[in-house]
Amino acid sequence: MTVVLPDPALNDSSYGLTPLSWVGMEGIDLPIAVVEPGYARQLHARVDAQVDLPLTHVKGIHMSRLYRLLNDLPPEQALSPLELRRLLQSMVDSQEDCGTRSARLGFRFDLLVRRPALVTPDLAGWKSYPVVLEARLLDGIFVCKVQVQIGYSSTCPCSAALARQLIEQGFMQAFGKQPVLGAVEVAAWLHEHASLATPHSQRSQALVQVHVLENREDCGFLALIDRVEEALATPLQTAVKRADEQAFTALNGQNLMFVEDAARRIEAALAGYQNPGIRVRHLESLHPHDAVAFKVPLSEATPFSGLNGGVEP
């Protein structure tokens, strides 16, 4: 004898008789595959999956159907706009009796990339880039956005100028009344006293958000990261020897940046993307507060919130 189990979502009446924008689940553990030129890796993601519920008399959607669609994804299936659109359409189709017309997916994961040292041959280490990928199918219109957080170092131009002034004053106090010095004497003094004053640097964060075209073969995570790191020129390092650390200090000295400079460098680097969003944060070593700069897409009412790991609602 077959026992029919109760299903209140179908058989009970709805409370309030109002439509809902999004209904579903957050934080589903899922293996995903990221495959791009020069990169192929399986990663752990936390996935949000939701659909709209426009029919006011329907008490609840079929959440288990959404979960099964995600759970049945082959772990080796690479993330791509085409695959995301197909999955979103399957989510909409799975809720046909709920009147669903739109679906949303959000992926949060860390992209692990092996980065070489600046100058030491065969020396490399792993670097993590937090990523938020959001895809929506809104009444048949596909929208996909990638949000990546990138760490770098920033040296304050003001503190560098102040440090140079103190070094200059120290040099004049030592040699101002003496005749012209030779290069050897000057070099010896600098070797001992050039750190009389040093500019302050800080670990910094850039959060960028771009739209991904539906016809792309991949989501372009690495291309986006590389473009931003090249523009900033001072990406955080992994494995280093003293020669690499020295090269890093040279990069910082050659790329003095206010938070405004960093945001504008990134904006110029993302000129090929449609209406990108940028959020830059310098975790100040001089102050107990941070310096920030934003470039918010015109279509967005408020800055996006990827530094805290969230996808925009």
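Look up: the structure comes first, before these words.
The shown structure was predicted, so the numbers you read here are calculated from the model rather than taken from an experiment.

Rules and cut-offs
- Residues numbered from 1 in each chain as written.
- Predicted model: local features only at pLDDT ≥ 70, side-chain atom pairs only at ≥ 80, totals over all residues.
- Heavy atoms only, no water.
- Helix = DSSP H or I, 4+ residues; strand = E, 2+ residues; numbered from the N terminus.
- Rg over C-alpha atoms; globule rule 2.2 N^0.38 Å.
- Buried < 20%, exposed > 50% of the residue type's maximum accessible area, 1.4 Å probe, protein only.
- Contact = heavy atoms within 4.5 Å.
- Areas by Shrake-Rupley, 256 points an atom, 1.4 Å probe, with all protein chains shown as cover.
- Lys, Arg positive; Asp, Glu negative; His and termini not counted.
- Charge placed at Lys NZ, Arg CZ, Asp CG, Glu CD.
- Pairing = 2+ DSSP bridges.
- Axes fitted to C-alpha atoms, helices over the stretch in contact; angles between N-to-C directions.
- Phe/Tyr/Trp six-rings, centres within 6.5 Å; stacked < 30°, edge-to-face > 60°.
- Salt bridge = Lys/Arg side-chain N within 4 Å of Asp/Glu carboxyl O.

A. The arrangement of the overall build of the protein in detail. When its secondary structure is counted, the protein shows eight helices and eight strands. Taking 20 Å as the expected radius of gyration for a compact globule of 313 residues, we find that the protein reaches 26 Å, considerably beyond that expectation. Principal axes of the C-alpha set define a box for the protein whose edges measure 105 × 40 × 35 Å. Each of the 313 residues in the protein was classed as buried or not, and the buried ones make up 42%. For the protein, long-range pairs separated by at least 24 residues make up 71% of all intrachain contacts whose partners lie at least 6 apart in sequence. Just so you have it, the protein exposes about 17,400 Å², and 55% of that area is on carbon and sulfur atoms. For the protein, the distance from the average site of its 27 positive side-chain charges to the average site of its 35 negative ones is 3 Å.

B. Structural view of the pairing of strand β4 (residues 124-138). Where strand β3 (residues 102-116) lies against β4, 15 bridges are found, and the strand directions are antiparallel. In the strand pairing of β4, serine 102 is matched with leucine 138. Summarising the sheet, β4 and strand β5 (residues 141-155) pair through eight bridges and their orientation is antiparallel. Directly across from leucine 138, in β5, lies its bridge partner isoleucine 141. In textbook terms, the turn of a hairpin is the stretch between consecutive antiparallel strands, and for β4 and β5 this stretch comprises two residues, one of which, aspartate 139, has a positive phi near 50 degrees.

C. Quick peek at the sheet that holds β4. The strand order β1-β2-β3-β4-β5-β6-β7-β8 describes an open sheet built from eight strands, whose pairing is antiparallel. Among the strands making up the open sheet, the edge pair consists of β1 (20-36) and β8 (291-295). Direction aside, the axes of adjacent strands within the sheet are offset by 15 degrees on average. The sheet strands contacting helix α3 (residues 81-94) are β2 (39-53), β3, β4 and β5, and the helix crosses β3 at an angle near 150 degrees.

D. Fine view of the environment of glutamine 89. By the secondary structure assignment, glutamine 89 is in helix α3. Classification of glutamine 89 by relative accessible area gives partly exposed; the value is 31%. With 201 residues separating them in the primary sequence, glutamine 89 and aspartate 290 have C-alpha atoms 42 Å apart.

E. Structural view of the environment of alanine 161. Mapping alanine 161 onto the fold places it in helix α4 (residues 157-175). Spatially, the C-alpha atom of alanine 161 lies 48 Å from that of isoleucine 32, the residues being 129 residues apart in sequence.

F. Region of interest: the packing of aromatic side chains. What the rule picks out here adds up to four aromatic pairs. Taking 5.1 Å as the distance between ring centres and 50 degrees as the angle between the ring planes, the aromatic pair formed by phenylalanine 171 and phenylalanine 175 counts as tilted. In this pair, phenylalanine 171 and phenylalanine 175 both sit in helix α4, four residues apart, roughly one turn of the helix. Given the relative accessible area of 18%, phenylalanine 175 is considered buried. Look at phenylalanine 171 and tryptophan 189: their rings are 5.2 Å apart centre to centre, the planes differ by 85 degrees, and that puts the pair in the edge-to-face class.

G. Up close: the pattern of salt bridges. Across all of its chains, the model carries 13 salt bridges by this definition. The closest approach of N and O atoms between arginine 86 and glutamate 83, which form a salt bridge, is 2.7 Å. Here arginine 86 pairs with glutamate 83, and both are found in helix α3, just three residues apart, close to one helical turn. Using a relative accessible area of 40% as the deciding quantity, one classes arginine 86 as partly exposed. Overall, glutamate 83 belongs to the buried group, its relative accessible area being 16%.

Keep in mind these values describe shape, not function.
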